[in-house]
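# Inside the fold
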Amino acid sequence: MLNYALTLEHLENAFYRDGLAEFSDDELKSADILSEFGGRIRDDVPDYLRTVGAHETAHVSALTDTINALGGTPVDEATYDFGYTTASEFFGVAKALENTGVAAYAGAAPTVDNDDVFNAAIGIHSVEARHAGFLNELNGTTPFPNVIDEPKTMDGVKAIAGQFIVEN
């Protein structure tokens, strides 16, 4: 289960690492999708995205450390193609990844019976939910769409995340 979560965190980590290297702050702030927002919000977006990226890096480390501590072998990062060409498309993919991550943790939680595994996952889940709310807002969607989020099965998550994995 932790390698399943690590696979998702590798995906998100690579997404932010590579995307933030590709787009300048000015490109991110002037993305068409942000045209309805005022200058202060647009000015904050690049730093907020860097914070999200740093969180994803920390999630990879935390999960890797937990897997190692439990005597497992952490999965390696794959090769990805996120398919965006513009900053607005980057924001759209970010929204999809973050919402999928939240649903994946929610779907996996009932299957976890080890307290160390559960604690590692639930701590990350709440942060992923904040990321999803932020990206929903930037993409013109409500940051709190439902009273109760629908969990996703492992197969449902693989169907979404798998479209970005080129080589495993």
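Data block above holds the structure.
What counts as what
Residues numbered from 1 in each chain as written. Predicted model: local features only at pLDDT ≥ 70, side-chain atom pairs only at ≥ 80, totals over all residues. Heavy atoms only, no water. Helix = DSSP H or I, 4+ residues; strand = E, 2+ residues; numbered from the N terminus. Rg over C-alpha atoms; globule rule 2.2 N^0.38 Å. Contact = heavy atoms within 4.5 Å. Core = buried A, V, L, I, M, F, W, Y, C linked by side-chain atoms within 4.5 Å. Buried < 20%, exposed > 50% of the residue type's maximum accessible area, 1.4 Å probe, protein only. Expected span 1.5 Å × (residues − 1). Axes fitted to C-alpha atoms, helices over the stretch in contact; angles between N-to-C directions. Left-handed = near helix turned anticlockwise from the far one by under 90°. Phe/Tyr/Trp six-rings, centres within 6.5 Å; stacked < 30°, edge-to-face > 60°. Lys, Arg positive; Asp, Glu negative; His and termini not counted. Salt bridge = Lys/Arg side-chain N within 4 Å of Asp/Glu carboxyl O.

### Structural notes on the overall build of the protein
Looking only at helices and strands, one finds 6 helices and 2 strands in the protein. Start at the N end of the protein and walk to the C end: the helices and strands fall as α-α-α-β-α-α-α-β. The globule rule puts the C-alpha radius of gyration for 168 residues at 15 Å, and the 16 Å found for the protein is close to it. The principal-axis extents of the C-alpha atoms in the protein amount to approximately 50 × 35 × 25 Å. Restricting the contact set of the protein to residue pairs at least 6 apart, pairs at least 24 apart contribute 84%.

### Thoughts on the nonpolar core
If you look at the biggest cluster of nonpolar residues, it comprises 32 residues, and the most contacted ones within it are Phe15, Tyr16, Leu28, Leu49, Phe82, Phe90 and Phe91. The set of elements that each furnish at least two residues to this core consists of helix 1 (2–22), helix 3 (39–69), helix 4 (87–108), helix 5 (115–138) and helix 6 (154–161). Filtering out sequence-adjacent residues up to four positions away, Phe91 remains in contact with Leu28, Ala31, Ile33, Leu34, Val45, Leu49, Leu135, Leu138 and Asn139. Counting 12 residues, the second-largest nonpolar core is a separate cluster that includes Leu6, Ile67, Tyr105 and Val112.

### A look at helix 1
With 21 residues, helix 1 ought to run about 30 Å at 1.5 Å a step, and its terminal C-alpha atoms sit 30 Å apart, in line with that. The element helix 1 is largely enclosed, with a buried count of 15 among its 21 residues.

### Looking at the packing of helix 3 against helix 4
In contact at an axis separation of 14 Å, helix 3 and helix 4 are set at 35° when each is read in the N-to-C sense. In terms of crossing hand, the pair formed by helix 3 and helix 4 is left-handed. On helix 4, the residues that touch Val45, Leu49, Val52, Glu56 and Leu63 of helix 3 are Phe90, Phe91, Glu98 and Tyr105.

### With respect to the environment of His125
On the secondary structure map, His125 appears in helix 5. As for His125 and Val102, which are separated by 23 residues in sequence, their C-alpha atoms are 6.0 Å apart. Not counting the four nearest positions on each side in its chain, His125 is found in contact with Val102, Tyr105 and Ala106.

### Structural notes on the packing of aromatic side chains
Scanning the model with the defined rule gives 13 aromatic pairs in all. Relative to Phe164, the ring of Phe82 lies with its centre 5.7 Å away and its plane at 35°, an arrangement referred to as tilted. Separated by 82 residues along the polypeptide, Phe82 in the loop between strand 1 (79–80) and helix 4 and Phe164 in the loop between helix 6 and strand 2 (165–167) bring together distant segments of the chain. One aromatic cluster in this structure is built from Phe15, Tyr16, Phe23, Tyr80, Phe82, Tyr84, Phe90, Phe91 and Phe164.

### With respect to the side chain of Glu98
Mapped onto the fold, Glu98 is located in helix 4. The side chain of Glu98 is buried and forms no salt bridge, while Arg130, the nearest opposite charge, is found at 11 Å.

### Brief notes about the pattern of salt bridges
Overall, the coordinates contain 7 salt bridges when judged by the stated rule. Lys29 is the salt-bridge partner of Asp43, the closest N and O atoms lying 3.8 Å from each other. With Asp43 in helix 3 and Lys29 in helix 2 (residues 25–29), this pair connects stretches of sequence that are 14 residues apart. Asp43 gets classed as partly exposed once you look at its relative accessible area, which sits at 47%. Take Lys29: its relative accessible area is 22%, and that puts it in the partly exposed class. Its salt-bridge partner being Arg40, residue Asp44 comes within 3.8 Å of it at the nearest N-O pair. On the criterion of helical spacing, the pair formed by Asp44 and Arg40 is a turn pair, its members being 4 residues apart in helix 3.

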